[in-house]
Amino acid sequence: MNFLIVALGGAVGSIFRYSISLIPIKTTFPFLTLITNILGAVLIGFIVGVSSKKGLSSNVNLFLKTGVCGGFTTFSTFSLEAYNLLEEKNYAFGTIYIIMSFVLCLIGIVIGKKLADLIF
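All of these numbers come straight from a predicted model, not from anything done at the bench.

## Looking at the pattern of salt bridges
- Per the counting criterion, the structure on display carries 1 salt bridge.
- Its salt-bridge partner being Asp 117, residue Lys 53 comes within 3.6 Å of it at the nearest N-O pair. Of this pair, Lys 53 sits in helix α2 (residues 31–54) while Asp 117 sits in helix α5 (residues 91–119); the two residues are 64 residues apart in sequence, bridging distant segments of the chain.
- Taking the relative accessible area as the measure of exposure, Lys 53 reaches 46% and is therefore partly exposed.

## Quick notes on a nonpolar patch on the surface
- A grouping of Ile 99, Phe 102, Val 103, Leu 106, Ile 107, Ile 111, Leu 115, Leu 118, Ile 119 and Phe 120 is seen on the molecular surface, where their side chains present a nonpolar patch of about 980 Å² in accessible area.
- Residue placement: Ile 99 occurs in helix α5.

## Quick look at the nonpolar core
- One finds Phe 29, Leu 34, Phe 78, Ala 82, Leu 85 and Tyr 97 forming the largest nonpolar core, which totals 6 residues.
- At 3 residues, helix α4 (residues 75–87) tops the list of elements feeding residues into this core.
- Setting aside anything within four residues of it in sequence, one finds Ala 82 in contact with Tyr 97 and Ile 98.

## A short note on the UniProt feature "transmembrane region" (unreviewed entry) in the protein
- Cross-referencing UniProt, the feature "transmembrane region" (unreviewed entry) maps to residues 31–50, 62–80 and 92–112 in the present numbering.
- For residues 62–80, the helix share is 89%, the strand share is 0%, and the end-to-end C-alpha distance is 27 Å.
- A distance of 29 Å separates the end C-alpha atoms of residues 92–112, which is 100% helix and 0% strand.

## Things to note about unusual backbone geometry
- The backbone of Lys 89 sits at a positive phi, close to 60 degrees, despite the residue not being glycine.
- Tracing the chain through its elements places Lys 89 in the loop between α4 and α5.

## Considerations on the UniProt feature "binding site: Na(+)" (unreviewed entry) in the protein
- Taking the UniProt record as the reference, the feature "binding site: Na(+)" (unreviewed entry) is found at Gly 70 and Thr 73.
- Tracing the backbone through its elements, the reader meets Gly 70 in helix α3 (residues 58–72).
- Within the secondary structure, Thr 73 sits in the loop between α3 and α4.
- Beyond its immediate sequence surroundings of up to four residues, Thr 73 is in contact with Arg 17, Thr 36, Asn 37 and Gly 40.
- Here the side chain of Thr 73 touches Cys 69 through a polar contact of 2.8 Å, landing on its backbone oxygen.

Definitions and limits used
- Every chain is numbered independently, its residues counted from 1 as its sequence is written.
- Two thresholds apply to this predicted model, a pLDDT of at least 70 for residue-level local features and 80 or more for giving and counting side-chain atom pairs, whereas whole-chain, interface and lining totals are computed over all residues.
- With hydrogens and water set aside, each side-chain value is computed from the structure's full complement of heavy atoms.
- Salt bridges are counted wherever a side-chain nitrogen of Lys or Arg sits within 4 Å of a carboxyl oxygen of Asp or Glu.
- Under the scheme used here, helices are H or I runs from DSSP no shorter than 4 residues and strands are E runs no shorter than 2 residues, and both carry numbers assigned from the N terminus.
- Residue exposure (1.4 Å probe, protein chains only): buried if accessible area is under 20% of the type maximum, exposed if over 50%, otherwise partly exposed.
- Distance thresholds for patches are 9 Å for like charges and 5 Å for nonpolar side chains (Val, Leu, Ile, Met, Phe, Trp, Tyr), applied to residues having over 30% relative accessible area and no salt bridge.
- Here, Shrake-Rupley sampling with a 1.4 Å probe gives the accessible areas, and only protein chains in the shown set may cover a residue.
- The nonpolar core is taken to be a set of buried Ala, Val, Leu, Ile, Met, Phe, Trp, Tyr and Cys residues, with the residues joined through side-chain atoms within 4.5 Å.
- Contact criterion: two residues are considered in contact whenever any of their non-hydrogen atoms come within 4.5 Å of each other.
- UniProt positions are given in the numbering used here, feature names are shortened, and annotations may be inferred rather than shown by experiment.
- Here a polar contact is taken to be a pair of N or O atoms separated by no more than 3.5 Å, where protein atoms must pair a possible hydrogen donor with a possible acceptor and residues adjacent in sequence count only if both atoms sit in side chains.

Below you can see the structure in the form of structure tokens.
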């Protein structure tokens, strides 16, 4: 049953991720992946915050954290894009992308948890 819960959440997250990828932004810098990962960080921070306040069931946590967030966020895409930037000797964008992804996603976790505290 847990596998089905995760799979359903992953499908939802993947649909949202694909929807963001359809935004017509054409640039060397991978903004859409960065935005997706930041939103995913805010979302998982929010879920953790809500869960700590409201005690979400393990099934809801599996669906949201492992399923939706796992299907939505894009670590493998991030890794490939960072690699491609560095391989193309675009060291400035590659370095900025890696640092921004790390720092902004950590900030996203904090924002998500704070939002959950404010709402619940």
